[in-house]
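# An overview of the molecular structure
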Amino acid sequence: SATVTTNQRTVPSSKLNIATTYYWRVCAVNSAGAGVWSSVWNFFTVVSVIKQISEIVPSKYTLNQNYPNPFNPKTNIRFDIPKNGFVALKIYDIVGHETATLVNKRLNPGTYSVDWNASNFPSGVYFYRLQTESFTETKRMTLIK
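None of the values given here were measured: they were computed from a predicted structure. (Residues numbered from 1 in each chain as written. Predicted model: local features only at pLDDT ≥ 70, side-chain atom pairs only at ≥ 80, totals over all residues. Heavy atoms only, no water.)

The secondary structure content of the protein amounts to zero helices and twelve strands. In the protein, which comprises 145 residues, the share counted as buried stands at 30%. A sequence separation of at least 24 residues applies to 57% of the contacts in the protein between residues at least 6 apart. Of the roughly 9,700 Å² of accessible surface on the protein, 52% is carried by carbon and sulfur atoms. (Helix = DSSP H or I, 4+ residues; strand = E, 2+ residues; numbered from the N terminus. Buried < 20%, exposed > 50% of the residue type's maximum accessible area, 1.4 Å probe, protein only. Contact = heavy atoms within 4.5 Å. Areas by Shrake-Rupley, 256 points an atom, 1.4 Å probe, with all protein chains shown as cover.)

Right, let's talk about the pairing of strand E10 (residues 110-117) for a bit. Of all eight residues that make up E10, six are buried, and the element is covered over most of its length. Examined bridge by bridge, strand E5 (residues 50-54) and E10 share four bridges and lie antiparallel to one another. By the bridge assignment for E10, Ser54 is matched with Thr111. Pairing analysis gives eight bridges linking strand E7 (residues 74-81) to E10, with the strands arranged antiparallel. Bridge pairing in E10 links Lys74 to Asn117. (Pairing = 2+ DSSP bridges.)

Here we take up the pairing of strand E8 (residues 85-92). In terms of residue burial, E8 counts as a mostly covered element, since six of its eight residues are buried. Of the strand pairs in this sheet, E8 and strand E9 (residues 98-107) are connected by eight bridges, and their pairing is antiparallel. Within E9, the residue paired with Leu89 across the bridge is Val103. Between E8 and E9, which follow one another and run antiparallel, lie five residues, and Gly96 among them has a positive phi close to 95 degrees.

Okay, structure coming up:
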């Protein structure tokens, strides 16, 4: 009986456990009855601390190669942001499924660093993508356990 106007749901981080996989699916119900259940979706919670290394305004967007690479189980990703704006840094597995979100917020210009602890992930090739309103770049990294 209502119109869905968003495809996002925000949950306060204080309500989620760290290093936990959460699953969900949806089913619409109205006066005509219930629809079919959606596919099951999931996400895994990680802790990521974004460190601003420098407030000097970079001349361009840059996504650096993670270090070390290959890594076990932690790696560091650095990037430059020349303008205020929304920034997303996400990790994808070899088949393109999103496996982690390290950054998902507005950032001021500067150079940033984020550590990714992949101790709960299997060995393999992963991709990390930096996306802003006007820039997208993807790089490859390898987790070896």
